Amino acid sequence: MALRLPAIERKEQVLDVALAVFAEKGFHDTSMNDIAEAAGVTKPVVYQHYESKRALFLAIIDHVGDRMIDVLTAATSGLADGHAQVEAGTIAFFKWVERDKNAFKFLFDSGTRNDEEFTIAIRKVLDRSAEVIAPLIAIDLDPIHVRTLAHGVAGASEGVARFLINNNISFNGEQIGKQIANLLWAGLRGVDSE
């Protein structure tokens, strides 16, 4: 039996354990029993904190999205130079992926795209990440075009991370982050402002 934790700590523990289980097995192949067993608690304890598997999954989407966006924001705030911001943000993203593959797999590979409610929740996370990226694109374009480019930057980084993880390729987050940042920066510099 697990150590008795204060409710807030137990809720956080269940969230973290569920993240790992969902990242490994996906939503449909994971049961609340699986999560309870992995957390070392009973199923009723899991239900005390989350009313359903769906509610838990949605809470994890928000939690992981918040962590990813916090990493990007912390890395880029205080930097005035556009290239430095793009590089810092891209490196921070890849270091986050390197450090927390389960979080990345959960957000982008756990079957979330096959469920409308999950797709909407993921889309909100992606829109929020584009909001963080858009100000880093120092090109004189209308806001919708800049936002479109921000989604392109996010998609390129996601695609590279997905390729590395899905193929079990070992990588250094700092190194791959710099390489992708250089690619993105060169591409952004080539965007015509007309």
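This report concerns the structure included in the present document. (Residues numbered from 1 in each chain as written. Predicted model: local features only at pLDDT ≥ 70, side-chain atom pairs only at ≥ 80, totals over all residues. Heavy atoms only, no water.)

### Here we look at the overall build of the protein
What counts here: Runs of H or I in DSSP of at least four residues are treated as helices and runs of E of at least two as strands, each being numbered from the N terminus. Remark: exposure states derive from per-residue accessible area (1.4 Å probe, protein chains only) relative to the maximum for the residue type, with buried under 20%, exposed over 50%, and partly exposed in between. It only takes one pair of heavy atoms within 4.5 Å for two residues to be counted as in contact. A 1.4 Å probe and the Shrake-Rupley method give the accessible areas. Residues count as covered only by the protein chains that appear here. Positive charges come from Lys and Arg alone, negative charges from Asp and Glu alone, with His and the N- and C-terminal ends not counted. Here the site of a charge means NZ on Lys, CZ on Arg, CG on Asp, or CD on Glu.
Per the secondary structure count, the protein includes nine helices and zero strands. What you see in the protein, going N to C, is helices and strands ordered as α-α-α-α-α-α-α-α-α. Considered along the principal axes of its C-alpha atoms, the protein spans approximately 60 × 30 × 30 Å. Looking at the protein as a whole, 45% of its 194 residues qualify as buried. Taking the contacts inside the protein whose residues are at least 6 apart along the sequence as the reference set, 68% of them involve residues at least 24 apart. Roughly 10,100 Å² of accessible area belongs to the protein as shown, and the carbon and sulfur atoms make up 52% of that amount. Positive and negative side-chain charges in the protein, numbering 20 and 27 respectively, have mean positions lying 6 Å apart.

### Looking at the nonpolar core
In plain terms, the rule: Only buried residues count toward a nonpolar core. Its members are Ala, Val, Leu, Ile, Met, Phe, Trp, Tyr and Cys residues joined through side-chain atoms within 4.5 Å.
Core analysis: the largest hydrophobic core is formed by 62 residues, its most contacted members being Phe22, Ile35, Leu56, Ile60, Ile61, Phe93 and Phe106. For this core, the secondary structure elements donating two or more residues are helix H1 (7–25), helix H2 (32–39), helix H4 (53–76), helix H5 (82–99), helix H6 (101–109), helix H7 (116–133), helix H8 (143–166) and helix H9 (173–189). If you tally residues by element for this core, the top one is H4, at nine residues.

### Remarks on the packing of H4 against H6
As a reminder, the rule being used: Angular values range over 0 to 180 degrees, each being the angle between N-to-C directions of two axes fitted as lines to C-alpha atoms, with helices fitted over their stretch in contact. An angle below 35 degrees is treated as roughly parallel, one above 145 as roughly antiparallel, one from 65 to 115 as roughly perpendicular, and anything else as oblique. Handedness of a helix crossing follows the sense of rotation of the near helix relative to the far helix, less than a right angle counterclockwise being left-handed and clockwise being right-handed.
For the pair H4 and H6, the least separation of the axes is 10 Å and the interaxial angle reads 120°. As far as their axial angle goes, H6 and H4 are oblique. Judged by the sense of rotation from one axis to the other, the crossing of H4 with H6 is left-handed. Side by side, H4 and H6 meet where Phe57, Ile60, Ile61, Val64, Arg67 and Met68 of the first sit next to Ala103, Phe106, Leu107 and Phe108 of the second.

### Observations regarding the environment of glycine 89
Topologically, glycine 89 is positioned in helix H5. You can call glycine 89 buried: its relative accessible area is 8%. With 15 residues separating them along the chain, glycine 89 and alanine 74 place their C-alpha atoms 8.6 Å apart. Apart from the residues within four sequence positions on either side, glycine 89 is in contact with Leu72, Ala75 and Thr76.

### Observations concerning empty space enclosed by the protein
Quick note on the threshold: Whether a set of points on the 1 Å grid over the protein atoms alone is a cavity depends on a 1.4 Å probe fitting there but being unable to get out, while an open set qualifies as a pocket with protein on both sides within 12 Å along at least five of seven lines; lining residues are those with an atom within 4 Å of a point. Grid points are joined across faces, edges and corners, and a volume is the space filled by probe spheres set on the points. By the convention adopted, Pro, Cys, Tyr, Trp, Phe, Met, Ile, Leu, Val and Ala count as nonpolar, Lys, Arg, Asp and Glu as charged, and the other residues, Gly among them, as polar.
Applying the stated rule across the entire model yields one cavity of 30 Å³ or more. By volume, the largest cavity amounts to about 230 Å³. If you trace the largest cavity, you find 19 residues lining it, with Leu72, Ile133, Val153, Ala154 and Ser157 closest to the centre. Per-class residue counts for the lining of the largest cavity are 13 nonpolar, five polar and one charged.

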